Amino acid sequence: MSQREGCWRNETAIDKRGSTCSHSSELSLKPILFSILASLVLHSMSLPVFPVELPKSTHAFLKEHCVDCHDASTARAGFRIDLLTADFTAGNNAGQWKEVMDKINSGEMPPKKKPRPNAKEAFAVASWVAKQLDETTKAAQGAGGRVPMRRMNRVEYANTVRDLFSLEENFARRVEKELPADGKVGGFDRGSAGLFMDEGQLAQYMTVADLVLDEAIFNEPPKVLKFTYDGTAERYVHGLQTAYKNESGAFVETSVPKVIAGLKEPLAWIPQSNFDQWGSKERRYVPHGPYDWTLKNGGTEYLAGLRFYNVDWGKKGVTRDGWYRIRVQAGAFKGEDEEALKEVRLISQFALGSPIEAVKSVVIDAPLDAPKEYEFLMYLQMGPPGMNRDWRLRWDFGERKEPCIADPKYWDVQWKQVIVGGEIARAKSEKKPAEEIEAKKKLLEETITKATESRKTFEGPYWIWNPKLNIAKRPRLWIGKMEWEGPIVEWPPQGRKTLFFAGEERQDDAYLREIFARLLPLAYRRQVTPEELDRVVNWTLKARTERGLAFTKAVREGVKNVLCSPKFLYLGSEAMPAPVARTTPPGPQLVDDSQLASRLSYLLWSSAPDEELYRVVAQKKLHDPTVLRAQVKRMIADPKAWEFVRNFAGQWLGVRNFDNGTPPNRDFYRDYDDALRDSSKREPLEFCRAVLNQDLPITQFLDSDFLMLNERLAKHYGIEGVEGDEFRRVSAPADDRRGGVLGMSGILTYLADGTRTLPVRRATWVLDTLWNQPVPSPPPNAGDLPAIKDRKQRSVRERLDEHRLSENCASCHTRVDPFGMALENYDATGRWRDRQNGEGMRGDKGSPALDVSGRLPNGTEFKTVQEFKAALLAEKEKFVKGFTEKLLCYALGRPVGYADHLTVDQITTHAAKHEYRLQEIIQATVASTFFQSR
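Predicted model only: the values in this text are computed from it and were never measured. (Residues numbered from 1 in each chain as written. Predicted model: local features only at pLDDT ≥ 70, side-chain atom pairs only at ≥ 80, totals over all residues. Heavy atoms only, no water.)

For soluble globular proteins, nonpolar side chains are generally found buried alongside one another. L604, F701, F883 and I922 are the most contacted members of the largest nonpolar core, which has 100 residues in total. A total of nine residues in this core trace back to one element, the largest contributor, which is helix α29 (residues 876–892). Residue contacts for F701: discarding those within four places in its chain leaves W652, F687, C688, V691, G740, V741, F879 and F883. In terms of nonpolar packing, the next biggest core, distinct from the first, is built from 51 residues, Y205, A209, V212 and L213 among them. (Core = buried A, V, L, I, M, F, W, Y, C linked by side-chain atoms within 4.5 Å. Buried < 20%, exposed > 50% of the residue type's maximum accessible area, 1.4 Å probe, protein only. Helix = DSSP H or I, 4+ residues; strand = E, 2+ residues; numbered from the N terminus. Contact = heavy atoms within 4.5 Å.)

Below, the structure is given as structure tokens:
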């Protein structure tokens, strides 16, 4: 048995006497977790259990009139009536029974072509369903919020330790990534059912606690490294490939910048045996021609990429996570006329393409003849052993057009043999006729002969100025000396100074008690009892004695104990322990002020309450509606409310999943780049932040008169006048193609497959996300959307029409497809189009014109995406209800179903009185009985 297993099985690891197992860092929490599990079971018993047997008359009615169309083999419209039971508390049973009742009452079902049921029988079934729904509603209202106790998810944990110990934000995001991804309930990672705790999960929390304590609080003073670099003094620069004749007439090859800069007749070499520059030992020398760099004024002036400044500072200079300062002397010329850049930007890149990538840029506004010092302050991470930590500088020298090129008179002849060789290999793989392959082989022999002759006779120069460019007007960048310094960290860290509030010289037992007396209320998010404080203090003192720990080491072990305690890890555990057992009265039980403060702060900030919220809790005023409303308003205005945007909107709109989609094929969508990818990911969050901060109606998500854009997105959308990387509010164009979330590139790209649009996937996203009406999975025999089988370029609409020829498919697709076809004007990158592209089609005149018209289930017809958005706004009540259900699910940490409809109605009614403003919906959610009760 391992040491950890031994500690797990020692059920008295932390008791009232302060006893501990012999390995104090391996905490025994299993019995406590079992008690939490029991509490969760009690939570699940708060609603009465209904009989699972249907009344015989109801069963007979469904069998005669409903099962034929809604069993496992047909499942028309995705509805399985054969799975419904009489337990209205199970899953979405109540909601589906309500749909059955509504269809019967309206006469919509059974369909007109089917035999009509007996009116009395139909009325009896509808009445039975209505009675069960009413009983379910009453039971739910009497059971309170039914908010289960749950552990923090990984975002909440990272934010909580960040605020508890004043950690650097970048370090907190690293802590978040160190924890495994959390399960989801109702689309959010705040549900108890998805936030399990087992030994493996707890072990990970213990590991992360060590990470926090060792690297951010109890770390040693860092050694600050400083480097300087002068490119002009470099003794070797890879790729310069220059030769010269020395005094004795011998050819000498060099890669030293200062030597090359002083040569009157620099030479380049031409290999003789083949055209591999390095693979041939026999060489012939010709004039080199121009260089794209010049040594000038103690630095280097560049027309193209930075050759000299790719040093290894990232590998040897990043010794721990932290801030690093890089200073560079630089000046620039932006170019003129057709060669001009808007700005010259110097870019610092670290670990590009890895999980620890960091990129920062600065505009070089100093002229070439009057350079100045520029500074990059970057947070860099060590990463695991073996991870890429390369650091380099680069600049965009005008669409990467090379000013110096190899003379085509030489290079084109050499490259021709490679092209023909590739054609031969392709012809063989495609099994072309033998005579065609032989002809290409003959051509290859001819090109090899010409290339060999060219290597013997070409007189140079090897490099020439690119004739397509006006070199005199090209942008230039001058780089001088460079310095590196880091890590730049505060020591002692603020969290350590707060913990050891009286300094580290004092080391008596009373001081240790004072330390934990200050820490525990913040960690447990409530006042603690003397017994709770005694347990932690006695445990820490005993560990210190038994293991001979220094004072600070003992405190560290005690803090780790706290960070692994269920009272820290579990939300819903903030209630003060009762001194004696008491009987809980029936009905909803209001949470106390501490619990309400935690619910509020983890809803809006995904972190623990702040000092102001604790002050209100101490005054026992948080349940006062006026005080509570003021606190909600204050917290929304706080920068930490970005966490609500990042975590609620990030999951509601699917932004977190963008990286899991299939990225656009860049061979076809050539304008798609990393900047567009990153900007598209940010746009929905920035838009949500604007709606929240400005207290706008949530109907802005359906259509809006403004956008949140940066320069890259504006270019993608064809909107002029937006410059820079920062997002800002921009008036929506008059064509109304982009207002709301339905025109956002990131969402549209995620709902594609990299080469083509997926209207059915887009439609299911719209119904689930905006109306909270998930589309059921298709029946097993539904089949896939037909692919293009011939050269005829058929539109997606034509293929969907073919798909709907199946009666089983038509029942769902007739209702669903219009929600996706309406968005067909946006291609797989979210760019506007009028004709089909993707799947070999290029959106030109030869591609099918798009028809995005459709009909919504209520009969409203539309011809354009603008009319589609107007139709959704006409039914805004569905969106408001769906949004409220999503928000309530996020707030309560459990699924929201029919049993919650009265609370949903109360919130939406309040919202309607306030123009459906987002802050008012949040206020109504927080004020609801469900949010404030157990």
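Taken together, W415, V418 and I419 make up a surface patch of nonpolar side chains, about 250 Å² in accessible area. With respect to the helices and strands, the residue V418 is situated in helix α11 (residues 408–429). (Patch = residues over 30% accessible without salt bridge, like charges linked within 9 Å, V, L, I, M, F, W, Y side chains within 5 Å. Areas by Shrake-Rupley, 256 points an atom, 1.4 Å probe, with all protein chains shown as cover. Salt bridge = Lys/Arg side-chain N within 4 Å of Asp/Glu carboxyl O.)

Let's shift gears to the confidence of the model for the protein chain. When pLDDT drops low, the exact placement of atoms in the prediction is not to be read closely. Put simply, the protein chain has an average pLDDT of 85, and 84% of its residues get 70 or more. When pLDDT is averaged over each element of the protein chain, helix α31 (residues 918–927) comes out on top at 98 and helix α1 (residues 3–9) at the bottom at 32. For the stretch residues 1–27, pLDDT sits under 50, and the model shows 54 contacts to residues farther than four places along the chain or on other chains. Below a pLDDT of 50 lies the segment residues 38–51, which in the model reaches 25 contacts outside its immediate sequence neighbourhood of four places, other chains included. (pLDDT = per-residue confidence, 0-100.)

This brings us to the sheet that holds strand β11 (residues 358–363). Taken in spatial order, the three strands of this open sheet run β11-β10-β13, and their pairing is antiparallel. Both edges of this open sheet fall to β11 and β13 (391–395), since each of them pairs with a single strand only. Neighbour to neighbour, the strand axes of the sheet diverge by 20° on average, direction disregarded. Of the strand pairs in this sheet, strand β10 (residues 345–350) and β13 are connected by five bridges, and their pairing is antiparallel. Among the inter-strand pairings, L346 is bridged to a residue of β13, identified as W395. (Pairing = 2+ DSSP bridges. Axes fitted to C-alpha atoms, helices over the stretch in contact; angles between N-to-C directions.)

Further remarks concern the packing of α29 against α31. Contact geometry for α29 and α31: axes closest at 11 Å, N-to-C directions at 50°. Taken as axis vectors, α29 and α31 run oblique relative to one another. Seen from above, α29 lies across α31 with right-handed handedness. Residues F883, T884, L887, L888 and A891 of α29 form the contact with α31, whose participating residues are L918, I921, I922 and T925. Among the residues forming the contact of α29 with α31, the class breakdown is seven nonpolar, two polar and no charged. (Parallel < 35°, antiparallel > 145°, perpendicular 65-115°, else oblique. Left-handed = near helix turned anticlockwise from the far one by under 90°. Nonpolar A, V, L, I, M, F, W, Y, C, P; charged D, E, K, R; others polar.)

Right, let's get into the environment of V237. By the element assignment, V237 lies in the loop between β2 (225–229) and β3 (242–245). Between the C-alpha atom of V237 and that of V256, which follows or precedes it by 19 residues, the distance is 6.4 Å.

Turning our eyes to something else, we now look at the pairing of strand β4 (residues 251–254). Sheet analysis places β3 next to β4, joined by four bridges and oriented antiparallel. Bridge pairing in β4 links T242 to T254. Taken together, β3 and the strand that follows it, β4, pair antiparallel across an intervening segment of five residues, in which G249 is found at a positive phi of about 90°.

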